[in-house]
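For reference, the chains in residue letters:
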Amino acid sequence: MFDSGVGGLSVWREIVQQLPQCDTVYVADQAHVPYGSRAVEQVRGFAESISRFLLCEGAQVIVVACNTASAAALQHLRACMPATPFVGMEPAVKPAAENTRTGVVGVIATPATFQGELFASLLERFASDVTVLTQICPGLVEAVEANKLDTPATKTSLRECLAPLLAAGIDQLVLGCTHYPFLRPAIAEIAGPAVQIIDPAPAVARQTGRVLRQNNPRIAGQQTGQHTFYTSGAPGPFAARVQQLTGLQERVQAVRWEGKRLVRCTRR
Ligand code: DGL
């Protein structure tokens, strides 16, 4: 699995809960976080190199636990590594459109997630008869990376970003960035009980289980639930964040970028 930082841990925790015997390798590309304001081509390049690294680590299925990287790179990854099954993220427009009573749905995500074909095709396929309002939330990814989940500044940013959506009468709010589920308590407090918050992580974990079983029915039973974490940033602080966000005390190993290649810094 990979993400620009800690956000993908919101998907990781669901996968580990649903598939407790599954071994995981998680790469946080914190040297480049945030991805959301970067050029699509650049994010695509990071995603390809990290996927190649994960294949060398023995990955049987790669979960792109990042909406931004999925929007930028999923098609490309499937085309250039056709033997590898990829599971990606996409904003959960479909269930939101099905559930809405007001006919107004809000989606919060990074700028890069809203660009491109993936989001346009979701709107076209699932939301032709509802209003979908999109909203970027500057600073929120950085706030989650810095463990500022509940600070006054984070709540002010959240209030500003949710205000136009709430004023327009949304009753469904799609979390279109894997960092945002960690802000769910603060989001729920601001949005109020009339707004249903949709986090796609449980559905992505179910899909990961299906893909694992389809590709190798023996995989899920054979493994032992070993978890390996890498970051291209600082391993100590990332280990502390893993513990805060998942309760797990794991050693984190360092990886570094050598040109366009991601390599391990130390031997295991
Ligand atoms: N967690 C990521 C996402 O789902 C990346 C956010 C970022 O790095 O900007 O979009």
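Residues numbered from 1 in each chain as written. Predicted model: local features only at pLDDT ≥ 70, side-chain atom pairs only at ≥ 80, totals over all residues. Heavy atoms only, no water.

Asker: Before we go on, may I ask you to explain the sheet that holds strand β1 (residues 2-3) in this structure?
Answerer: Consider a sheet: its strands pair through backbone hydrogen bonds, and that pairing is either parallel or antiparallel. Read across the sheet, five strands follow the order β1-β2-β9-β10-β11 without closing on themselves; strand pairing throughout is mixed. A strand with exactly one partner marks an edge of an open sheet, and here the two such strands are β1 and β11 (261-264). Sheet analysis places strand β10 (residues 252-258) next to β11, joined by four bridges and oriented antiparallel. By the bridge assignment, Glu258 is partnered in β11 with Arg261. (Pairing = 2+ DSSP bridges. Helix = DSSP H or I, 4+ residues; strand = E, 2+ residues; numbered from the N terminus.)

Asker: I keep staring at the site of the ligand and nothing clicks. Help me out?
Answerer: Inspection of the region around the ligand gives 14 residues, with Ser4, Tyr35, Gly36, Thr68 and His179 positioned closest. Thr68 is positioned such that a nitrogen or oxygen atom in its side chain is 2.6 Å from an oxygen atom of the ligand. Considered on its own, the ligand offers 300 Å² of accessible surface; in the complex 99% of this is hidden by protein. Tallied by class, the residues present in the shell around the ligand amount to six nonpolar, seven polar and one charged. (Near = heavy atom within 4 Å. Polar contact = N/O pair within 3.5 Å; in protein donor to acceptor, adjacent residues only side chain to side chain. Areas by Shrake-Rupley, 256 points an atom, 1.4 Å probe, with all protein chains shown as cover. Nonpolar A, V, L, I, M, F, W, Y, C, P; charged D, E, K, R; others polar.)

Asker: Sorry if this is basic, but what is going on with the pairing of strand β5 (residues 104-109) here?
Answerer: Two faces, one strand: in a regular strand the side chains alternate between the faces of the sheet. With six of six residues buried, β5 lies mostly within the body of the structure. Neither face of β5 is open: one carries Val104, Gly106 and Ile108, the other Val105, Val107 and Ala109, and all of them are buried. The pairing of β5 with strand β6 (residues 131-136) spans six bridges and is parallel. When the sheet's bridge partners are listed, Ala109 is paired in β6 with Ile136. (Buried < 20%, exposed > 50% of the residue type's maximum accessible area, 1.4 Å probe, protein only.)

Asker: It is not clear to me how the environment of Thr231 should be interpreted in this structure. Could you clarify?
Answerer: Here Thr231 is to be found in strand β9 (residues 227-231). As for Thr231 and Ala59, which are separated by 172 residues in sequence, their C-alpha atoms are 17 Å apart. If near-sequence neighbours (up to four positions away) are discounted, Thr231 is found in contact with Ala28, Gln30, Phe238, Val252, Gln253, Ala254 and Val255. A distance of 2.7 Å separates the side chain of Thr231 from the side chain of Gln30, its partner in a polar contact. (Contact = heavy atoms within 4.5 Å.)

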